[in-house]
Amino acid sequence: MTDQILNFGVTEASIARDETDGHAEEVRLSGFTVLDSGLSPVEVTHLRDGIEAVIARQTEEVGGHDVMARLDEANTGRAMLAYDDRFIELVRNGPLLALMERLLGRYFVLNQQNAIVVQPDDVHHQIRFHRDLPYQHFVSSRPLALNALFCADPFTLDNGATFVIPGSHKHEPFPDEAVVRRLQRQVTVPAGGFLVLDAMTYHRAGINRSAHPRRAINHVFTLPFIRQQIDLPALLKGRYADDPLLSRLFGYGLEVPVSVRDWRLARLKRL
Ligand SMILES: O=C(O)CCC(=O)C(=O)O
């Protein structure tokens, strides 16, 4: 017996042209896939080291740890790339952008780039199942948004690897509890890998039962009609506006015109 996949009655079958196609089909079918970023261990460490410094700066900005804790934002960083250039490189990651393009088409934007540090035994808000387009209960024939959780530490069963409900991006309601118990699956990912999800796939962080923090950077990429979590062009104040790839990704040119004349002039510029 070979390990060939046998079937009968099949007259149409997908054939992946390359690895990206295979990952894209996994996301369409089950709502998630694990993707290798191709970054070296040194590059992964470099990224990991940037996380705490940005969170410390943002904590200071808003008035200290107590304020962050009240907001349920302790151990969370937002718009990381605006604070530290190394996170720009993560957004440019080749395998990641190839997969985003295969699933979302050529024009998609970065909606958010957040750091998540799960401390040992911490019971934080991400341990509750959610979609990354929260409060939405429709399903779409194509992905509208994807998230890519870059694992700066290995995600293991012990340190709270993410749980997913496979296929839940195709099902409007949150499933019955007993069904969730049967279907939920914890996905382990090596350091330097991305857990890529259709943003409508229900998922949650696990509890970190190890002795060390578990650090990750979550990205949400969307079709351009979805509003960014933080207005990146305003935050970046023109930085990267001349870079064709990054300006599109960061949402330059999507600012809402404030007059009819401005709307027409913007159209004129695009002719
Ligand atoms: O940290 C995790 O395992 C999941 C993170 C998450 O749910 C999110 O960023 O939306």
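Details of the structure are given in the entry above.
It should be emphasised that the depicted structure is a prediction, and the values quoted were computed from it without experimental measurement.

Scoring rules and cut-offs
Residues numbered from 1 in each chain as written. Predicted model: local features only at pLDDT ≥ 70, side-chain atom pairs only at ≥ 80, totals over all residues. Heavy atoms only, no water. Near = heavy atom within 4 Å. Polar contact = N/O pair within 3.5 Å; in protein donor to acceptor, adjacent residues only side chain to side chain. Areas by Shrake-Rupley, 256 points an atom, 1.4 Å probe, with all protein chains shown as cover. Nonpolar A, V, L, I, M, F, W, Y, C, P; charged D, E, K, R; others polar. Pairing = 2+ DSSP bridges. Helix = DSSP H or I, 4+ residues; strand = E, 2+ residues; numbered from the N terminus. Phe/Tyr/Trp six-rings, centres within 6.5 Å; stacked < 30°, edge-to-face > 60°. Buried < 20%, exposed > 50% of the residue type's maximum accessible area, 1.4 Å probe, protein only. Lys NZ or Arg CZ within 6 Å of the ring centre and 35° of its normal. 1 Å grid on protein atoms, 1.4 Å probe; cavity = no way out; pocket = protein on both sides within 12 Å on 5 of 7 lines; lining within 4 Å. Points joined across faces, edges and corners; volume = space filled by probe spheres on them. Patch = residues over 30% accessible without salt bridge, like charges linked within 9 Å, V, L, I, M, F, W, Y side chains within 5 Å. Salt bridge = Lys/Arg side-chain N within 4 Å of Asp/Glu carboxyl O.

## Considering the site of the ligand
Neighbouring the ligand are the residues I116, Q126, H130, D132, L149, F155, T162, H203, A205, R214 and N218. A distance of 3.1 Å is found between an oxygen atom of the ligand and a side-chain nitrogen or oxygen belonging to N218. Here the ligand has 290 Å² of accessible area as a free molecule, and 97% of this is covered by the chains. The residue makeup of the shell around the ligand, split by class, is four nonpolar, five polar and two charged.

## A closer look at the sheet that holds strand β5 (residues 163-164)
Taken in spatial order, the three strands make up an open sheet running β6-β5-β8, and their pairing is antiparallel. Each having just a single partner strand, β6 (185-186) and β8 (203-204) make up the two edges of the open sheet. Where β5 and β8 come together, two bridges link them in antiparallel fashion. Directly across from V164, in β8, lies its bridge partner H203.

## Looking at the packing of aromatic side chains
Within a pair of aromatic rings, the relevant descriptors are the distance that separates the centres and the angle that separates the planes. Here the structure, examined in full by the defined rule, presents five aromatic pairs. Where Y240 meets F250, the ring centres are 5.8 Å apart and the plane angle is 80 degrees; that geometry is what we call edge-to-face. You can see Y240 sitting in the loop between α7 (232-236) and α8 (244-250) and its partner F250 sitting in helix α8, a full ten residues away along the chain. What makes F250 buried here is its relative accessible area of 0%. Three or more aromatic residues joined by ring pairs form one cluster here, namely F129, F174 and Y202. Sitting over the ring of F163, R204 keeps its end group 4.1 Å from the ring centre. Seen from the ring of F155, R214 lies directly overhead, with NZ or CZ sitting 3.9 Å from the centre.

## Thoughts on the pairing of strand β3 (residues 109-118)
Across the ten residues that make up β3, a large majority, ten, are buried. Two strands pair when backbone bridges link them, and β3 and strand β9 (residues 214-222) are joined in this way by nine bridges, in the antiparallel orientation. Across the sheet, A115 pairs through a bridge with I217, a residue of β9.

## Re the layout of surface pockets
As a volume, the largest pocket reaches approximately 970 Å³. Around the largest pocket, the lining comprises 41 residues; the ones closest to its centre are R78, H125, Q126, H130 and D132. Residue assignment for the lining of the largest pocket shows that the elements contributing at least two residues are β3, β4 (145-151), β8 and β9. Looking at the lining of the largest pocket element by element, the count peaks at six residues for β3. Within the lining of the largest pocket, the residues separate by chemical class into 16 nonpolar, 15 polar and ten charged.

## Focus: a nonpolar patch on the surface
Taken together, the side chains of L265, L268 and L271 define a hydrophobic patch exposed on the protein surface, amounting to about 350 Å² of accessible area. With relative accessibility at 37%, the residue L265 sits in the partly exposed group.

## Focus: the pairing of strand β7 (residues 193-198)
By the criterion of burial, β7 is predominantly enclosed, with six of the six residues buried. Of the pairings in the sheet, the one linking β4 to β7 comprises five bridges and is antiparallel in character. In the sheet register, N147 faces β7, and the bridge partner there is L197.

## A look at unusual backbone geometry
Non-glycine residue D121 carries a positive phi angle of around 65 degrees. By the secondary structure assignment, D121 is in the loop between β3 and β4. Of note in this structure, Y240 is not a glycine but carries a positive phi near 70 degrees.

## As for the pattern of salt bridges
Counted under the stated rule, the structure contains 14 salt bridges. R17 is the partner of D21 in a salt bridge, and the nearest nitrogen-oxygen pair spans 3.0 Å. Judged by relative accessible area, which is 15%, D21 ranks as buried. According to the relative accessible area criterion, R17 is exposed, its value standing at 65%. Salt bridges sharing common partners tie together R17, D18, D21 and R102.

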